[in-house]
Every structure is written in C-alpha cells, then in structure tokens.
Amino acid sequence: MTLRVVVADDQALVRTGFRMIIDARDDLEVVGEASDGHEAVRLTRDLAPEVVLMDVRMPVVDGIEATRQIAEGGSRARVLVLTTWDVDAHVIAALRAGASGFLLKDIRPAELVDAIRLTARGDALLAPAVLSRVLDRFLRTTPDPAPPSSLQDLSGREREVLTLIGQALSNAEIAERLRLSEATVKNHVTAVLRKLGLRDRVQAVVTAYDHGLVQPRRP
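Residues numbered from 1 in each chain as written. Predicted model: local features only at pLDDT ≥ 70, side-chain atom pairs only at ≥ 80, totals over all residues. Heavy atoms only, no water.

S.K.: Tell me about the overall build of the protein chain, and please be specific about residues and values.
M.R.: Looking only at helices and strands, the protein chain features ten helices and five strands. Taking contacts inside the protein chain between residues at least 6 apart in sequence as the whole, the part at least 24 apart equals 69%. Surface accessibility of the protein chain: about 10700 Å² in total, with carbon and sulfur atoms responsible for 50%. (Helix = DSSP H or I, 4+ residues; strand = E, 2+ residues; numbered from the N terminus. Contact = heavy atoms within 4.5 Å. Areas by Shrake-Rupley, 256 points an atom, 1.4 Å probe, with all protein chains shown as cover.)

This is the structure in structure tokens:
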C-alpha cells in the first residue's frame, strides 16, 4: 500500500525538498502541495491523504487552525506539524488542535520517512523522553478546555492504561507494569482510543494530562 502525503508549507523550496525525499520511496507518494493553511484543508478533503506535513506559520490560515479544521472535518488524515523549534509553544497548540506529532524542519531524510510511516500506523511519533519533556514544559502553559470526552465509559483497567500512556510508556512497558501481555495491552489501547474518540496515542497523552491523570513534573 502506498501512503499518500500532502505537504503544506509556504516556502516552495521546502515543499520541493520534502517531495524529493518522500517520492524517492516506493511506499510513499506526495499527492498534493499547499502554500497556505486554507489550501491544505482543501487538498486534504479532496485527496484524502494518510498524512499531512503541516507548517505552523503560513499565510491565510495558519497551520494550527488548518489542523483543527482537518480534525473537526472528520478526515482520517494524521497531521505532522513542521517547526524550526523543538520547544515551540505553538506545537502544543497544534497537538491540542488534533495533530499527531511534530517534526523539526531540519530532520534527516530517513527520519522523515520513518515518521510518516509511524504516524500513518497511528503509533507514537515522539520518543517518550521528548514527548514527556515537551508536555511537561508547555501543556499547562497553553490553557484550553478539556476535550469533550468522558472517562466514565472507561473500565478501571482502561483508565490505568490511559494513565500510563500519558506517562509516555510503550505497550511493552505498560504490559510489564500491569503484568499483562502486550496483545492485551494493545486491545486496551484500542478500546481507550475508540471510547474517547481519539486519533492516536499522542492525543491520548494530551487527554490524560487534560483530565489530570498525569501531572507535569516540577522543575
């Protein structure tokens, strides 16, 4: 299966560079390029890509608002936010808007390709240490209402799993912590995402923080 990608960036050279890297792989294909957020939303709707590479700062509609519109529009596309800073508060706003992770624009070609594949599968893009650091530092500094999801539908075990996802643990680590098989943990993760209407593990981490299941570490 070929993964379809839309690249959204207001710089033509950046879009061209990403296209060259992506199209060089047999299982990836750039199906559209957008120079602003409005165009990114339209292309995502019309072309139904699996992944959108989304720059934060774009004209007409910025990347955060474009991400929100894509998520709220019911698209199955997962959004990877592009930024020049790994500690940019805008990145957290994008995660809240529905993004599945973020990438630095100077990412190495092989890492870009791996990130697209991981994101398309719904796996966690960010390394646990990076995800924890970013969320600990910024999540509470960009206040936003808790997402319209209720934890009441979760079983006690599913709530435990969500809490551990919020701590950026992998399925294997959760299995060891709860003394369960990885297959069982995977089933619980799937149930949590489905019941809460979440797109992937990154959104589950944000939800765990928003509902107070995980507290930011104090410096």
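S.K.: Describe the pairing of strand β3 (residues 51–55), naming the residues involved and giving the relevant values.
M.R.: When you tally the buried positions in β3, you get five out of five residues, the bulk of the element. With burial as the criterion, each face of β3 is covered, one bearing V51, L53 and D55 and the other bearing V52 and M54. In the sheet, strand β1 (residues 3–8) pairs with β3 via four bridges, with the strands oriented parallel. Residue pairing across strands places V5 opposite V51, the latter belonging to β3. Pairing geometry for β3 and strand β4 (residues 78–83), over five bridges, is parallel. Considered in β4, the bridge of D55 is made with L82. Taken together, β3, helix α3 (residues 63–72) and β4 constitute a β-α-β crossover, and its handedness is right-handed. (Buried < 20%, exposed > 50% of the residue type's maximum accessible area, 1.4 Å probe, protein only. Pairing = 2+ DSSP bridges. Right-handed = clockwise from strand over helix to strand, strands pointing away.)

S.K.: How would you explain the sheet that holds β4 if you had to name every residue and give the values?
M.R.: Ordered by their spatial adjacency, five strands build an open sheet running β2-β1-β3-β4-β5, and the pairing between neighbours is parallel. Strand pairing shows two members of the sheet lacking a second neighbour, β2 (28–34) and β5 (101–104), which therefore form its edges. Sheet twist, expressed as the average angle between the axes of neighbouring strands with direction ignored, equals 25°. Each of β1, β2, β3 and β4 touches helix α1 (residues 12–23); the most contacted strand, β2, lies at about 165° to it. Along the sheet, helix α5 (residues 109–121) makes contact with β1, β2, β3, β4 and β5, crossing β4 at roughly 150°. (Axes fitted to C-alpha atoms, helices over the stretch in contact; angles between N-to-C directions.)

S.K.: Tell me about the nonpolar core, residues and numbers included.
M.R.: Counting 25 residues, the largest nonpolar core has A8, V52, M54, V79, V81, L95 and A99 as the members making the most contacts within it. Listed in part, the 22 residues of the second largest apolar core include L154, L164, L196 and Y209. (Core = buried A, V, L, I, M, F, W, Y, C linked by side-chain atoms within 4.5 Å.)

S.K.: Describe the side chain of T163, listing the residues and the values that go with them.
M.R.: Tracing the backbone shows T163 in helix α7 (residues 156–166). Aside from chain neighbours lying at most four places away, what touches T163 is L213 and V214.

S.K.: Describe the environment of L178, and please don't skip the residues or the numbers.
M.R.: Along the chain, L178 falls in helix α8 (residues 171–178). Overall, the relative accessible area of 13% leaves L178 in the buried class. Counting along the chain gives 14 residues from L178 to L164, while the straight-line C-alpha distance between them is 9.7 Å. Contacts of L178, omitting those with residues within four sequence positions, involve R157, E160, V161 and L164.

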